Amino acid sequence: ITAVEKYGIRITKAATNGVVIADNTLTKCGERGISISGTKTDASIVIMNNKLTRTSEGGAAIYAAKAKVRVSGNRMTRWKYGVMTASGATGDIYANKYASTKTQVYLKGEKTYALKAPSITGFSVSGGSGSINVSYEKPVFKSTNGGKNLPARHYKISYSTDKKSTSGQVLDTDDLSATIGGLSGGTKYYVTVQGYRKMNGINVYTNIAEIKAVKTN
């Protein structure tokens, strides 16, 4: 979908069981690439694996109170806002790729947050006896509208013997280090980590750390 006056995809009355918008390419939309509003209570909204490029306002805008939201795997380039949501929604915004985007996540509710997703720094792994030791520094979401910078509160450590499937096993922790035990000795594992924080009912995630390889003893 290219060079439309306002919206690339617009939904104003979704069914109770919700809507999925996936695998679209939307370029040069006048206002928003994807706009969803007026969904019924508890509808499920999934926006994933779309390419959203060059629009004056927002990549994906969700103004649907009490909806369950998942926005993941999208590529958003050259927008004022990457993802926009209103109050009342719950769910997750994660693993999207942003470039030349002023604000990656804009959450409007009792408090309004305009945020840049941080990268994970100080990420290190080492092998132990049938175990993996993981540590990293606390990432901080940077405000782009004069608000407070806010640290991540929780972390998902993903690990696998398959480099392409690190989401297969996940340890959820609130700590900046962890030891994963009960693993096979002498085995190579691939490990990554992502931080997140709940804001206005939405889990907003940091960027995913670069995958590291480690071998257990």
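Refer to the structure printed above.
A quick note: this is a predicted structure, and the numbers were derived from the prediction, not measured.

Thresholds applied
Residues numbered from 1 in each chain as written. Predicted model: local features only at pLDDT ≥ 70, side-chain atom pairs only at ≥ 80, totals over all residues. Heavy atoms only, no water. Pairing = 2+ DSSP bridges. Helix = DSSP H or I, 4+ residues; strand = E, 2+ residues; numbered from the N terminus. Axes fitted to C-alpha atoms, helices over the stretch in contact; angles between N-to-C directions. Salt bridge = Lys/Arg side-chain N within 4 Å of Asp/Glu carboxyl O. Buried < 20%, exposed > 50% of the residue type's maximum accessible area, 1.4 Å probe, protein only. 1 Å grid on protein atoms, 1.4 Å probe; cavity = no way out; pocket = protein on both sides within 12 Å on 5 of 7 lines; lining within 4 Å. Points joined across faces, edges and corners; volume = space filled by probe spheres on them. Nonpolar A, V, L, I, M, F, W, Y, C, P; charged D, E, K, R; others polar.

### Some remarks on the pairing of strand E4 (residues 25-29)
Now for step 1: Pairing of strand E1 (residues 2-4) with E4 involves two bridges; the strand directions are parallel. Bridging from a neighbouring strand, Val 4 pairs with Cys 29 of E4.
Now for step 2: Of the pairings in the sheet, the one linking E4 to strand E7 (residues 51-53) comprises three bridges and is parallel in character. By the bridge assignment for E7, Thr 27 is matched with Thr 53.

### A closer look at the sheet that holds strand E22 (residues 177-180)
Now for step 1: Reading across the sheet, the three strands line up as E16-E17-E22 and stay open at both edges, with antiparallel pairing between neighbours. The outermost strands of the open sheet, each flanked by one partner alone, are strand E16 (124-128) and E22. With direction set aside, neighbouring strand axes in the sheet form an average angle of 15°.
Now for step 2: Direction of pairing for strand E17 (residues 131-135) relative to E22: antiparallel, over a ladder of four bridges. Pairing of Asn 133 across the sheet is with Thr 179, part of E22.

### Description of the pattern of salt bridges
Now for step 1: In this structure the tally under the stated criterion is two salt bridges.
Now for step 2: Salt-bridge contacts for Glu 57 lead to Arg 32; the nearest nitrogen and oxygen are separated by 2.7 Å. Here Glu 57, found in the loop between E7 and strand E8 (58-63), pairs with Arg 32, found in strand E5 (residues 32-37); they are 25 residues apart in sequence, far enough to count as distant.
Now for step 3: The residue Asp 172 makes a salt bridge to Lys 156 at a minimum N-O spacing of 2.8 Å. In this pair, Asp 172 sits in strand E21 (residues 169-173) while Lys 156 sits in strand E20 (residues 154-160), placing the two residues 16 residues apart along the sequence.
Now for step 4: The class of Lys 156 is partly exposed, set by a relative accessible area of 24%.

### Looking at the layout of surface pockets
Once rolled over the atoms, a probe with the size of a water molecule shows which space is left empty.
Now for step 1: In this model, the second largest pocket occupies a volume close to 260 Å³.
Now for step 2: The wall of the second largest pocket is formed by 17 residues, among which Tyr 94, Ala 95, Asn 96, Lys 97 and Ile 208 lie closest to the centre.
Now for step 3: At the level of secondary structure, the elements contributing two or more residues to the lining of the second largest pocket comprise strand E12 (90-94), strand E13 (97-99), strand E14 (103-107) and strand E24 (202-205).
Now for step 4: Within the lining of the second largest pocket, the residues separate by chemical class into nine nonpolar, six polar and two charged.

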